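Given next are the chains, with one letter for each unit.
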Amino acid sequence: GEEVAQTPKHLVRGEGQKAKLYCAPIKGHSYVFWYQQVLKNEFKFLISFQNENVFDETGMPKERFSAKCLPNSPCSLEIQATKLEDSAVYFCASGDMNTEAFFGQGTRLTVV
Amino acid sequence: GIQVEQSPPDLILQEGANSTLRCNFSDSVNNLQWFHQNPWGQLINLFYIPSGTKQNGRLSATTVATERYSLLYISSSQTTDSGVYFCAVGAGTALIFGKGTTLSVSS
């Protein structure tokens, strides 16, 4: 596709429930990036993939967060046992390293 | 890691005014992008500008890589320019975002 597609747009989970977010990158882009925007002006990098391989996971909380990019499937970000503090907008971006990155519209996760 | 500082943090303008937003970064980069996050939360690519000058309509940007800063110019501002402007840089890594400049344009 010509744009990064994120689903769902909104997700509400009770504390302790699982949340799964999806991202279809732009075709031909070899990198996928996930970011978390908690406070309105702060973007936190979570993880990046080069094709199906984890490239950089230095931002990922180790305990409850996991992510995958499998061939012929959207990439996914999963949060086990969600906490109130996980409430945020999660953005996915695709591109190639050191070239322009394009962002999806984000998934707003609300944990209640 | 690379530090990114944006100034000013907030800016209030009357429609028609011009403004300059600044982005300073602490180390050499080979990727720099400017984004506009509109009031609905959408991140819009404005410029990919690791060096040099670009213009797109009322917006232009200049990056002086050797001095580690970039400037975004908005001329004849309109109410639709309101939102948060982010600078993000990278050096063989994912983009690192500044904290943004929140722009409010009133009619």
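Rules behind the numbers
Residues numbered from 1 in each chain as written. Chains lettered and ligands numbered in written order. Predicted model: local features only at pLDDT ≥ 70, side-chain atom pairs only at ≥ 80, totals over all residues. Heavy atoms only, no water. Disulfide = S-S within 2.5 Å. Helix = DSSP H or I, 4+ residues; strand = E, 2+ residues; numbered from the N terminus. Buried < 20%, exposed > 50% of the residue type's maximum accessible area, 1.4 Å probe, protein only.

Undergrad: Tell me what's going on with the state of the cysteines, and back it up with residues and numbers.
TA: Residue and element names in this part refer to chain B. Enumeration over the complete set of coordinates arrives at three disulfides over all chains. The disulfide that involves C23 links it to C87, with 2.0 Å between the sulfurs. Across the S-S bond of C23 and C87 the torsion is about -55 degrees, and the bridge reads as left-handed. Of this pair, C23 sits in strand β3 (residues 19-25) while C87 is found in strand β9 (residues 83-90), placing the two residues 64 residues apart along the sequence.

Undergrad: Explain unusual backbone geometry to me, using residue names and the numbers behind them.
TA: A cis amide bond links T7 of chain A to the next residue, P8 of chain A, at an omega of -10 degrees. Turning to its location among the elements, P8 of chain A is positioned in the loop between β1 (5-7) and β2 (10-13). In this model, S7 of chain B is joined to P8 of chain B through a cis peptide bond whose omega is -10 degrees. Within the secondary structure, P8 of chain B sits in the loop between β1 (4-7) and β2 (10-14). Phi at N72 of chain A takes a positive value of approximately 60 degrees, unusual for a residue other than glycine. Its place among the elements puts N72 of chain A in the loop between β7 (65-68) and β8 (75-79). Not every positive phi belongs to a glycine, and S76 of chain B is a case in point at roughly 45 degrees. Turning to its location among the elements, S76 of chain B is positioned in the loop between β8 (69-74) and β9. According to the relative accessible area criterion, S76 of chain B is partly exposed, its value standing at 38%.

Read these as geometric descriptors, not functional statements.
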